[in-house]
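Fold and contact review
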Amino acid sequence: MDSAPARLKLRLGVMLLAAGFGPGALAAPVAATHLVACGDQTCLMVRGERQDREDVVAINGHRVAVEGGRNWRLRLPMATLRAWSAPYARSITLTTGDEEREISLPIGLLGHVDLAALEVRVR
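Read on for a plain summary of the structure. Within each chain, residue numbers correspond to sequence positions counted from 1 in written order. Predicted model: local features are reported for residues with pLDDT of at least 70 only, side-chain atom pairs are reported and counted for 80 or more only, and whole-chain, interface and lining totals are derived from all residues. Side-chain metrics rest on all non-hydrogen atoms present in the structure, leaving aside hydrogens and water.

This brings us to unusual backbone geometry. Backbone geometry places asparagine 60, a non-glycine residue, at a positive phi of 50°. Notably, tyrosine 88 is not glycine yet its phi reads approximately 65°, a positive angle. Labels follow the DSSP assignment, with helices taken as runs of H or I lasting at least four residues and strands as runs of E lasting at least two, numbered in each case from the N terminus. Following the sequence through the fold, tyrosine 88 ends up in the loop between helix H3 (78-84) and strand E7 (91-96).

Structure follows, in structure tokens:
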């Protein structure tokens, strides 16, 4: 018959093992986008991670200069982003070293529609 302390140790061991191999342990480096002001224009701020500080970073196939080492960031002017992206694109292709992945853009960013007002209703 198993004792309660032995079962507890087994459960804790399984939980620790599962935490070590969870989605965060095997996931690709994180990248995020948001809008920022850069001078008199608006830019897309892209932040990410790369395995080696010497890895090349590219947006939609265009090599870009970044600030930082393994944790990096860049400001991409909206005019450049529009020129490099398809109309109404919802994501950009981010390449770091040999890794390539799609990164979501802020909702409606490349919709090419100027809004006079946006009404949001919560029911």
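Moving on, we get to a nonpolar patch on the surface. Candidates for patches are residues over 30% relative accessible area with no salt bridge; among them, like charges are joined within 9 Å and nonpolar side chains (Val, Leu, Ile, Met, Phe, Trp, Tyr) within 5 Å. Every accessible area reported is derived by Shrake-Rupley at a probe size of 1.4 Å, with residue values counting cover from the shown protein chains alone. We define a salt bridge as a contact between a side-chain nitrogen of Lys or Arg and a carboxyl oxygen of Asp or Glu at a distance within 4 Å. A surface patch of nonpolar side chains, about 390 Å² in accessible area, is lined by Leu118, Val120 and Val122. Along the chain, the position of valine 122 falls in the segment after strand E8 (99-104).

Here we take up the sheet that holds strand E2 (residues 41-49). Spatially, the 4 strands line up as an open sheet ordered E1-E2-E6-E5, and their pairing is antiparallel. Looking at the sheet topology across the chains shown, the edges are occupied by strand E1 (31-38) and strand E5 (67-68). By this definition, two strands are paired if DSSP reports at least two bridges between them. Where E1 meets E2, 8 bridges bridge the pair, whose relative direction is antiparallel. Across the sheet, the residue bridging to threonine 33 is valine 46, located in E2.

Bringing the environment of arginine 82 into the picture now. Along the chain, the position of arginine 82 falls in helix H3. The rule is simple: take the accessible area with a 1.4 Å probe, protein chains only, and divide by the maximum for that residue type; under 20% is buried, over 50% is exposed, in between is partly exposed. For arginine 82, a relative accessible area of 38% corresponds to the partly exposed category.

Before going further, it helps to spend a moment on the state of the cysteines. Sulfur atoms of two cysteines make up a disulfide when they are within 2.5 Å. Tallied over the full model, the rule gives 1 disulfide. Residue cysteine 38 pairs covalently with cysteine 43 via a disulfide, S to S 1.7 Å. Every disulfide takes its handedness from the sign of the S-S torsion; for cysteine 38 and cysteine 43 that torsion is 70°, giving right-handed. The same class applies to cysteine 38 and to cysteine 43, which are both buried.

A few words on the nonpolar core. Definition of nonpolar core: a set of buried residues of the types Ala, Val, Leu, Ile, Met, Phe, Trp, Tyr and Cys, connected through side-chain atoms within 4.5 Å. Formed by 17 residues in total, the largest nonpolar core has its most connected members in Leu81 and Ile92. Secondary structure elements with two or more residues in this core: E2, strand E3 (57-59), strand E6 (71-77), H3 and E7. Sort the elements by how many residues they give to this core and E6 lands first, with 3 residues. Setting aside residues no more than four positions away along its own chain, leucine 81 makes contact with Leu44, Leu76, Ile92, Leu105, Leu109 and Leu110. Should any heavy atoms of two residues lie within 4.5 Å, those residues are counted as being in contact.

Here the focus is the side chain of threonine 33. Mapped onto the fold, threonine 33 is located in strand E1. A distance of 2.8 Å separates a polar atom in the side chain of threonine 33 from the backbone oxygen of serine 104. Those residues within four positions of threonine 33 in sequence are excluded, and the remaining contacts are Leu44, Met45, Val46, Ile92, Ile103, Ser104, Leu105 and Pro106. Any N or O atom pair separated by 3.5 Å or less is treated as a polar contact, with the protein-specific requirement of one donor-capable and one acceptor-capable atom, and with residues adjacent in sequence counted only for side-chain atom pairs.

That is the geometry; function is a separate question.
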